[in-house]
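Close look at the chain arrangement
Below are the chains, spelled out letter by letter.
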Amino acid sequence: MLLKKSLGLLCAGAALVAGLATAPTAQAAASPYERGPDPTESSVTAARGPFATSQVSVSSLSVTGFGGGVIYYPTSTSEGTFGAIAISPGFTAYWSSLSWLGPRLASQGFVVIGIETNSTLDQPASRGNQLLAALDYLTQRSSVRTRIDASRLAVAGHSMGGGGSLEAAKDRTSLQAAIPLAPWNSDKSWPEVRTPTLIIGGESDSVAPVSSHSIPFYTSLSNTPDKAYLELNNASHFFPQSSNTTMAKYMISWMKRFIDDDTRYDQFLCPPPRATGDISDYRNTCPHS
């Protein structure tokens, strides 16, 4: 009887050890695309992230489909390849109007191309095509192509460039993220978009009022499981054209979460921030898939 009890205890102990040995750990579940240290509130609001960056100009004469621009990229390759994002300026504007975003986003672990459009008067559909052309150039022909994971790409843009980012996401559903900033587009409905999309609007925008642009765009995103609408308190149409910490924080968090599949950044997106201080409205589909 004593022998049977001892054998039973040994078997139970062995089963417990085996169970512990095969149990998944939090470390094993982490995304292989995580880049950089664990994020904090101060790290996502800092003017510069943990990666040193460099930049290279791209002549319009060396590309097709868009008007050239500037590439910003992390100089280190020790953590592997990076996701990439193409960004378009708005109607009549040049990349210089948004250029503060380039090094800020790149220093968080992304390759960024800020594009010049073929014409400053190009409409959103054309800007969407140009964003995709810029991503193709970035991943296939650019001097930094070996630093990029071509399966992890995103688009963003301001005003008609923001409308263009919706056009790009509609046309290329493999994109991992889209971030329209004060977007303008005559098309108000985007059920074709399946890309995780963060729309950032300005409460006091009189050029692309949120009531007739950003909010209808957000509401119409019926086929993407992940979407959010951030409205900046009392912000005009031109809020992306100067350094904006709140805008940058949520852009970084959204890109990290969906380009890098980095759930460490969920803390800044879910639960959603309250409408207070710099934020007048926030809508989303938490928890993210």
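Note that the structure is predicted; figures quoted are calculated from it, not measured. (Residues numbered from 1 in each chain as written. Predicted model: local features only at pLDDT ≥ 70, side-chain atom pairs only at ≥ 80, totals over all residues. Heavy atoms only, no water.)

**Thoughts on the packing of aromatic side chains**
Under the criterion given, the structure shown has eight aromatic pairs. Ring centres of Trp 190 and Phe 217 lie 6.5 Å apart, and the angle between their planes is 90 degrees; this geometry places the pair in the edge-to-face category. Of this pair, Trp 190 sits in the loop between β6 (177-181) and β7 (197-202) while Phe 217 sits in helix α7 (residues 214-220), and the two are 27 residues apart along the sequence. Comparing Trp 190 with Phe 217, the two get one shared label, buried. Against the face of Tyr 218 rests Lys 227, its NZ or CZ located 4.4 Å from the ring centre. Cation over ring: Arg 257 sits above Phe 258, and NZ or CZ is 5.1 Å from the ring centre. (Phe/Tyr/Trp six-rings, centres within 6.5 Å; stacked < 30°, edge-to-face > 60°. Helix = DSSP H or I, 4+ residues; strand = E, 2+ residues; numbered from the N terminus. Buried < 20%, exposed > 50% of the residue type's maximum accessible area, 1.4 Å probe, protein only. Lys NZ or Arg CZ within 6 Å of the ring centre and 35° of its normal.)

**Describing the layout of surface pockets**
Here the largest pocket defines a volume of roughly 150 Å³. Considering the residues around the largest pocket, the lining is formed by Gly 90, Phe 91, Thr 92, Ala 93, His 158, Ser 159, Met 160, Trp 184, Val 207, His 237, Phe 238 and Gln 241. Among the residues forming the lining of the largest pocket, the class breakdown is six nonpolar, six polar and no charged. (1 Å grid on protein atoms, 1.4 Å probe; cavity = no way out; pocket = protein on both sides within 12 Å on 5 of 7 lines; lining within 4 Å. Points joined across faces, edges and corners; volume = space filled by probe spheres on them. Nonpolar A, V, L, I, M, F, W, Y, C, P; charged D, E, K, R; others polar.)

**As for the state of the cysteines**
Here is the idea: a disulfide is a covalent bond, and it sits between the sulfur atoms of two cysteines. What the rule picks out here adds up to one disulfide. The side chain of Cys 270 participates in a disulfide bridge whose partner is Cys 286; the two sulfur atoms lie 1.9 Å from each other. On the sign convention where negative means left-handed, the S-S torsion of about -90 degrees between Cys 270 and Cys 286 marks this disulfide as left-handed. Of this pair, Cys 270 sits in the loop between α8 (245-258) and β9 (279-284) while Cys 286 sits in the segment after β9; the two residues are 16 residues apart in sequence, bridging distant segments of the chain. (Disulfide = S-S within 2.5 Å.)

**Overview of unusual backbone geometry**
Trans peptide bonds make up the majority, and among non-glycine residues the majority have a negative phi. With an omega of 0 degrees, the peptide bond running from Cys 270 to Pro 271 counts as cis. Counting through the fold element by element, Pro 271 comes out in the loop between α8 and β9. At the junction of Cys 286 and Pro 287, the peptide bond is cis and its omega measures out at -5 degrees in the coordinates. Backbone geometry places Thr 92, a non-glycine residue, at a positive phi of 70 degrees. Here Ala 182, not a glycine, exhibits a phi torsion of approximately 45 degrees, which is positive. By the secondary structure assignment, Ala 182 is in the loop between β6 and β7.

**Quick notes on the confidence of the model for the chain**
Detail in the predicted coordinates should be disregarded across regions flagged by low pLDDT. Looking at the chain as a whole, the pLDDT averages 91, with 90% of positions reaching at least 70. Helix α1 (residues 2-22) is the least confidently modelled element of the chain, averaging 38 in pLDDT, while β6 averages 99, the highest of any element. (pLDDT = per-residue confidence, 0-100.)

**As for the nonpolar core**
Grouped together as the largest cluster of nonpolar side chains are 41 residues, with contacts concentrated most on Ile 179, Ile 200, Met 247 and Met 251. Considering every element that reaches this core, the biggest residue donor is α8, with eight residues. Residues in contact with Ile 200, not counting those within four places in the same chain, are Ile 179, Pro 180, Leu 181, Ala 182, Pro 183, Leu 230, Leu 232, Phe 239, Met 247 and Met 251. (Core = buried A, V, L, I, M, F, W, Y, C linked by side-chain atoms within 4.5 Å. Contact = heavy atoms within 4.5 Å.)

**Some words on the packing of helix α5 (residues 124-140) against helix α6 (residues 160-171)**
Axis separation between α5 and α6 bottoms out at 7 Å; the angle between their running directions is 65 degrees. The two elements α5 and α6 cross, and the hand of that crossing is right-handed. Residues Pro 124, Ala 125, Arg 127, Gly 128, Asn 129, Leu 131 and Leu 132 of α5 form the contact with α6, whose participating residues are Met 160, Gly 161, Gly 163, Gly 164, Ser 165, Glu 167, Ala 168 and Asp 171. For the contact of α5 with α6, the class distribution of residues is six nonpolar, six polar and three charged. (Axes fitted to C-alpha atoms, helices over the stretch in contact; angles between N-to-C directions. Left-handed = near helix turned anticlockwise from the far one by under 90°.)

**A word on the environment of Val 155**
Checked against the element boundaries, Val 155 lands in strand β5 (residues 148-158). When the C-alpha atoms of Val 155 and Glu 167 are compared, they prove to be 10.0 Å apart, with 12 residues separating the residues in sequence.

**Some remarks on the pattern of salt bridges**
Summed over all chains, the structure comprises 12 salt bridges. Of the charged contacts in the structure, one is a salt bridge between Arg 152 and Asp 149, with a shortest N-O distance of 2.9 Å. By the burial criterion, Arg 152 is buried, and Asp 149 matches it. In this structure, the salt-bridge partner of Arg 264 is Asp 262, at a minimum N-O distance of 2.8 Å. Here the two residues Arg 264 and Asp 262 agree in accessibility, since each one is buried. The network of salt bridges with shared partners includes Glu 34, Asp 38, Asp 262 and Arg 264. (Salt bridge = Lys/Arg side-chain N within 4 Å of Asp/Glu carboxyl O.)

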